[in-house]
Amino acid sequence: MTAVSERMSTDVAPIPIDATLVEAARQMRASGAGGLPVLDPEGGSCVGIVTERDVVVRALAEGRDARSAIVRDVATLKPVTCAPDDDIGTAVGLMRQHEIQRLPVVEEGDIVGVISLADIIFGRPDEERAGFDPERSVE
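Trainee: Please provide a residue-by-residue account of the layout of surface pockets, values included.
Mentor: Volume-wise, the largest pocket comes out at about 390 Å³. Forming the walls of the largest pocket are 16 residues, and the residues nearest its centre are Thr51, Asp54, Thr76, Ile100 and Gln101. Per element, the largest residue contribution to the lining of the largest pocket is five residues, and it comes from helix α2 (residues 52–59). Considered class by class, the residues forming the lining of the largest pocket number five nonpolar, four polar and seven charged.

See below:
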């Protein structure tokens, strides 16, 4: 059995539900993650997930201003989650059932990571994720 904790990314910082889409996009770029857990500002619990696709399809394609639109406007609220000790097969089953590619990983109410379909397929650890490097940036 391979546990979710063996493949999940732990270097993805959650984003507040009231952050702008620009802040979310910058955080995704910096972490190399395609999705971020969304936090409730009052309780700090995971209340959603926002992905690159959400920003593009639910915001930009609809003509929203990314500087003023907030994460709440486009995030998937009440996300499907898994636990770090769940089997990878359980995570894959949830992704298939709900037609999603990322799951916040939650333990005792706290976000401890995110697991993506790519993490499962390629088995890449956090240190192999491509974070933003301004020296490699193409303008």
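Trainee: Account for the nonpolar core, naming residues and giving values.
Mentor: In globular proteins that are soluble, nonpolar side chains generally tend to be buried together. Membership of the largest hydrophobic core comes to 19 residues, with the highest contact counts inside it found for Ile15, Leu21, Leu36, Val38, Val50 and Val71. Ranked by the residues each element gives to this core, the list is headed by helix α1 (residues 21–31), at three residues. Setting aside residues no more than four positions away along its own chain, valine 50 makes contact with Ile15, Met28, Gly34, Gly35, Leu36, Val38, Val55, Val71, Val74 and Ala75. Grouped together as the second largest cluster of nonpolar side chains are eleven residues, Val4, Leu94, Leu103 and Ile115 included.

Trainee: Please provide a residue-by-residue account of the pairing of strand β2 (residues 35–39), values included.
Mentor: Walk down a regular strand and you will see the side chains alternate between the two sheet faces. Of all five residues making up β2, four are buried, and the element is well covered by its neighbours. Here strand β1 (residues 15–16) pairs with β2 via two bridges, running parallel. Pairing of proline 16 across the sheet is with leucine 39, part of β2. As defined by bridge partners, β2 adjoins strand β3 (residues 46–51) across five bridges and the pair is classed as antiparallel. Residue pairing across strands places proline 37 opposite isoleucine 49, the latter belonging to β3.

Trainee: Go over the pairing of strand β5 (residues 102–107), please, and point to the residues and values.
Mentor: For β5 and strand β6 (residues 110–116), the ladder comprises six bridges, and the chain directions are antiparallel. Pairing of arginine 102 across the sheet is with serine 116, part of β6. As consecutive antiparallel partners, β5 and β6 are separated by two residues, and within that stretch glutamate 108 has a phi angle of approximately 50 degrees, a positive value.

Trainee: For α1, give the residues involved together with the corresponding values.
Mentor: Those residues of α1 that sit buried are Leu21, Ala24, Met28 and Ser31. Looking down the long axis of α1, one finds its buried residues gathered within 100 degrees of arc, a one-sided arrangement. Exposed positions of α1 whose direction lies more than 90 degrees from the buried face are Arg26 and Ala30. Considering only its buried residues, α1 is in contact with β1, β2, β3, α2 and α3 (71–74). Phi turns positive one or two residues past the end of α1, at glycine 32, with a value near 75 degrees.

Criteria and thresholds
- Residues numbered from 1 in each chain as written.
- Predicted model: local features only at pLDDT ≥ 70, side-chain atom pairs only at ≥ 80, totals over all residues.
- Heavy atoms only, no water.
- 1 Å grid on protein atoms, 1.4 Å probe; cavity = no way out; pocket = protein on both sides within 12 Å on 5 of 7 lines; lining within 4 Å.
- Points joined across faces, edges and corners; volume = space filled by probe spheres on them.
- Helix = DSSP H or I, 4+ residues; strand = E, 2+ residues; numbered from the N terminus.
- Nonpolar A, V, L, I, M, F, W, Y, C, P; charged D, E, K, R; others polar.
- Core = buried A, V, L, I, M, F, W, Y, C linked by side-chain atoms within 4.5 Å.
- Buried < 20%, exposed > 50% of the residue type's maximum accessible area, 1.4 Å probe, protein only.
- Contact = heavy atoms within 4.5 Å.
- Pairing = 2+ DSSP bridges.
- Arc of directions from axis to C-beta.

The analysis is restricted to geometry; functional conclusions fall outside its scope.
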